[in-house]
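Structural description and commentary
Listed below are the residues making up each chain.
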Amino acid sequence: MKIDLTRLVTESRNSASAEIDKLSTLEMLEVINQEDQKVALAVKAELPQIAKVVDAITEAFAKGGRLIYMGAGTSGRLGILDASECPPTYGTKPELVVGLIAGGHQAILKAVENAEDNVELGKQDLVDLNLTAKDVLVGIAASGRTPYVLGGMHYAKSVGATVATIVCNPVCAMADEADISIIPVVGPEIVTGSSRMKAGTAQKLVLNMLTTGAMIRSGKVYGNLMVDVEATNAKLVQRQINIVVEATGVGADEAEVALQACGRHCKTAILMILAGIDANDAKARLEKHKGFIRQALNA
């Protein structure tokens, strides 16, 4: 099937960079930077739609559902990156946020030819994940037409899952397929068709918002502190101490004692200190209030 790429905003030529190969290095970078400044404004225009997806993800998590990202190439890699950061940052299980890429794990580092054009592969990857109506699928593609992702989105709708999309072309098949569409239109790329640039940056900004927003809404942030962070290395052990100190006002030694008493769980240590209770009581109170420190304190 012949594809007319010239009709896609992400594939059109950018007049600002028409002679970028003639510029000095600094001038070249200034053009790139000026174009990059448009990305945040394009994302700002989509905040109401992003909020809808954050709320859908939060509801899914509360009901035992998952967030599944699906994309090809840069879009798939960005989804995998966002998913992989959730367990160390928020103490989530790896299966809560999952990233899928056309061509599987080998495609993370190297392109797998024709994988993105396989509609059935998109469906099969979700079948293998046992996708259910509790889950949220977010299809990601700058063009908004990737067959692999469309196959997955169509299947997800058939099982009753919430389907959202992040695309950078205002008129596209993926937006038509989705329940909620996020469409930051960043315009033509500096290098024509190189959608890893402005489009990729826009996608990364939106993905940051989706998981960060859902984690905040799920009680995994107190103030602006990541109170479910796991201590998987020396830096994160110290970060845990700093978080407890910031949240409670105690010294580092007292924070470390509380962390040791509760198995190095920041949220529990904070509640222990602020409420003046032991680890068992703090854990029970947090469980009762679904992990929200403020509600546990008010109780």
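- In the nomenclature of an unreviewed UniProt entry, the protein corresponds to N-acetylmuramic acid 6-phosphate etherase from the organism Grimontia celer.

Side note on the domain arrangement of the protein
- The domain boundaries assigned to the protein delineate domain 1 (9–217) and domain 2 (221–298).
- In this structure, domain 1 and domain 2 have C-alpha centres spaced 34 Å apart.
- Listed by partner, the interface residues are eight residues for domain 1 and six residues for domain 2.
- The interface formed by domain 1 and domain 2 contains zero salt bridges.
- On inspection of domain 1 and its partner domain 2, the count reaches two residue pairs in polar contact (both at pLDDT 80 or more).
- Among the secondary structure elements, those contributing two or more residues to the side of domain 1 that touches domain 2 are helix H3 (73–90) and helix H7 (198–217).
- Take the side of domain 1 that touches domain 2: its biggest share by element is four residues, from H3.

A look at the UniProt feature "domain: SIS" (unreviewed entry) in the protein
- The UniProt record annotates "domain: SIS" (unreviewed entry) at residues 57–220.
- Helix makes up 43% of residues 57–220 and strand 14%, and the two end C-alpha atoms of the span are 14 Å apart.

Considering the UniProt feature "active site" (unreviewed entry) in the protein
- Those places that UniProt annotates as "active site" (unreviewed entry) correspond, in this numbering, to Glu85 and Glu116. Considering the C-alpha atoms alone, the annotated residues occupy 32 residues of sequence and remain spread out, their largest mutual distance being 24.3 Å.
- Within the secondary structure, Glu85 is located in helix H3.
- In this structure Glu85 comes out as partly exposed when scored by relative accessible area, which is 41%.
- Following the sequence through the fold, Glu116 ends up in the loop between strand S2 (97–101) and helix H4 (119–128).
- Accessibility expressed as a relative area gives 35% for Glu116, which makes it partly exposed.
- Look past the residues within four positions of Glu116 in its chain and what remains in contact with it is Ala72, Ala102, Thr146, Pro147 and Tyr148.

Some details on the pairing of strand S4 (residues 162–166)
- Extensive coverage of S4 is indicated by the burial of four of its five residues.
- Two strands pair when backbone bridges link them, and strand S3 (residues 136–140) and S4 are joined in this way by five bridges, in the parallel orientation. Each bridged residue has a counterpart across the sheet, and for Leu137 the counterpart in S4 is Val163.
- Read as a crossover between parallel neighbours, the route from S3 over helix H5 (residues 147–158) to S4 is right-handed.

What to know about helix H10 (residues 266–275)
- Counting buried positions along H10 yields seven of 10 residues, so the element is predominantly enclosed.
- Buried within H10 we find Cys266, Lys267, Thr268, Ala269, Ile270, Leu271 and Met272.
- The secondary structure elements touched by the buried residues of H10 are strand S6 (221–222), helix H8 (234–248), helix H9 (252–261), helix H11 (279–288) and helix H12 (293–298).
- Positive backbone phi, at 65°, marks Gly276, one or two positions downstream of H10.

Details of the pattern of salt bridges
- A full pass over the atoms with the stated rule returns nine salt bridges.
- Between Lys198 and Glu35 there is a salt bridge, with the nearest N and O atoms lying 2.7 Å from each other. Of this pair, Lys198 sits in helix H7 while Glu35 sits in helix H1 (residues 25–44); the two residues are 163 residues apart in sequence, bridging distant segments of the chain. Grouping residues by exposure puts Lys198 and Glu35 together as buried.
- When the shortest N-O distance is used, the salt bridge between Arg66 and Asp135 registers 2.8 Å. Taken together, the residues Arg66 in the loop between helix H2 (47–62) and strand S1 (67–71) and Asp135 in the loop between H4 and S3 connect sequence positions 69 residues apart. Just as Arg66 is buried, Asp135 falls in that class too.

Cut-offs used in this document
- Residues numbered from 1 in each chain as written.
- Predicted model: local features only at pLDDT ≥ 70, side-chain atom pairs only at ≥ 80, totals over all residues.
- Heavy atoms only, no water.
- Domains from an automatic or database assignment.
- Contact = heavy atoms within 4.5 Å.
- Salt bridge = Lys/Arg side-chain N within 4 Å of Asp/Glu carboxyl O.
- Polar contact = N/O pair within 3.5 Å; in protein donor to acceptor, adjacent residues only side chain to side chain.
- Helix = DSSP H or I, 4+ residues; strand = E, 2+ residues; numbered from the N terminus.
- UniProt positions renumbered as here; feature names shortened; annotations may be inferred.
- Buried < 20%, exposed > 50% of the residue type's maximum accessible area, 1.4 Å probe, protein only.
- Pairing = 2+ DSSP bridges.
- Right-handed = clockwise from strand over helix to strand, strands pointing away.

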